[in-house]
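Structure at a glance
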Amino acid sequence: MCVGLTFVLHLSTYLLNTQLPIHLLTLGGSHAHIGWLFGVTTAVGLVLRPQVGGWKGGYGARAVMVPGALALVMTMLALTRADTPFSVIALMIGLGIGNALISTTGSIVVANESPADRRGELLSLFYVFSSVGVALGPPMGFALAELGGMRLNFAAVIATSLLAVGLVALVRTTPGNPGAPGGFGLRWSRHAAAASLALI
């Protein structure tokens, strides 16, 4: 399930990311604004990704993925209403949250719950499907834009993000331990926070 989920997530993200810079320019944005689009998403990921392992251990994979999937869908919907460069850039926080919580948790699930003799194979498959989504997203994004402009592109990313929500709902993993370090309701891992600050 996580293999299919990472494909859908990356397909949705790159359908959006190839067209959003062009859309930003039509809203009066500059090339500097385009840089902020991806800088914001990356910064959010740097803060959240190191914490995901502790959260997954504390509450289980679905409890971490569901907020990410909801953030993804709400961001895609909100982008259809954003009409200034600043509002588009601000909404990229939601995209960063969705990607960090879903993709990082998915890789942990595959690593933890695969049979030991197939772990390497299944992790490779997980990243191959991620790359397939990355590879297909840009040409599909431009093809959709040529057919129906940004409106059709937004419709496609909303549809794929809804599919991601459905796949998250189907994820079945071992339950977490709410008392584990880093679980929701407890302070964040200091070691992971230090890693985030170093990366930023």
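These numbers come from a predicted model, not from an experiment. (Residues numbered from 1 in each chain as written. Predicted model: local features only at pLDDT ≥ 70, side-chain atom pairs only at ≥ 80, totals over all residues. Heavy atoms only, no water.)

Quick word on helix 2 (residues 31-59)
Between its first and last C-alpha, helix 2 extends 41 Å over 29 residues, near the 42 Å set by a 1.5 Å rise per residue. Largest kink in helix 2: about 45 degrees, centred on Val 52. Gly 60, located one to two residues past helix 2, shows a positive phi value of around 90 degrees. (Helix = DSSP H or I, 4+ residues; strand = E, 2+ residues; numbered from the N terminus. Expected span 1.5 Å × (residues − 1). Bend = angle between axes of the 7 residues up to and from the residue.)

With respect to the nonpolar core
Membership of the largest hydrophobic core comes to 39 residues, with the highest contact counts inside it found for Leu 5, Leu 16, Leu 20, Leu 37, Leu 72, Met 76 and Val 88. Listing elements by their share of this core, those giving two or more residues are helix 1 (2-26), helix 2, helix 3 (61-79), helix 4 (85-113) and helix 5 (119-170). If one sorts the elements of this core by residue count, helix 5 sits on top with 11 residues. When neighbours within four sequence positions are excluded, Leu 72 is seen to be in contact with Leu 9, Gly 94, Leu 95, Ile 102, Ser 161 and Ala 164. Of all hydrophobic cores here, the second largest spans 8 residues; its members include Val 44, Leu 48, Leu 101 and Ile 108. (Core = buried A, V, L, I, M, F, W, Y, C linked by side-chain atoms within 4.5 Å. Buried < 20%, exposed > 50% of the residue type's maximum accessible area, 1.4 Å probe, protein only. Contact = heavy atoms within 4.5 Å.)

Quick word on the packing of helix 1 against helix 5
Helix packing geometry: the angle between the two helix axes and the distance between the axes. The contact between helix 1 and helix 5 brings their axes to 3 Å, and the two run at 35 degrees. In the crossing of helix 1 with helix 5, the sense of the turn from one axis to the other is right-handed. Tallied by class, the residues present in the contact of helix 1 with helix 5 amount to 30 nonpolar, 14 polar and no charged. (Axes fitted to C-alpha atoms, helices over the stretch in contact; angles between N-to-C directions. Left-handed = near helix turned anticlockwise from the far one by under 90°. Nonpolar A, V, L, I, M, F, W, Y, C, P; charged D, E, K, R; others polar.)

Some thoughts on the pattern of salt bridges
Scanning the model with the defined rule gives 1 salt bridge in all. With its nearest N and O atoms 2.9 Å apart, the salt bridge here joins Arg 118 to Glu 121. Taking relative accessible area as the criterion, Arg 118 reaches 37% and is therefore assigned partly exposed. (Salt bridge = Lys/Arg side-chain N within 4 Å of Asp/Glu carboxyl O.)

Let's talk about the confidence of the model for the chain
For the chain, the average pLDDT comes to 86, and 86% of its residues sit at 70 or higher. Of all the helices and strands in the chain, helix 6 (residues 190-199) carries the lowest mean pLDDT, 56, while helix 3 carries the highest, 94. (pLDDT = per-residue confidence, 0-100.)

Observations concerning the packing of helix 1 against helix 2
Following both chains from N to C, one finds helix 1 and helix 2 inclined at 145 degrees, their axes separated by 9 Å at the closest point. As helix 1 runs across helix 2, the sense of the crossing is right-handed. For the pair helix 1 and helix 2, contact is made by Asn 17, Leu 20, Pro 21, Leu 24 and Leu 25 and by His 31, His 33, Ile 34, Leu 37 and Phe 38, respectively. Taken together, the residues of the contact of helix 1 with helix 2 break down into 7 nonpolar, 3 polar and no charged.

Considerations on the side chain of Thr 75
With respect to the element layout, Thr 75 can be found in helix 3. For Thr 75, a relative accessible area of 5% translates into the label buried. With near-sequence residues (within four places) excluded, Thr 75 lies in contact with Leu 91, Gly 94 and Leu 95.

Digging into the environment of Leu 122
Position of Leu 122 among the secondary structure elements: in helix 5. C-alpha separation for the pair Leu 122 and Ser 107, spaced 15 residues apart in sequence, amounts to 9.8 Å. For Leu 122, the residues in contact, after removing those within four places along its chain, are Val 110, Ser 114 and Pro 115.

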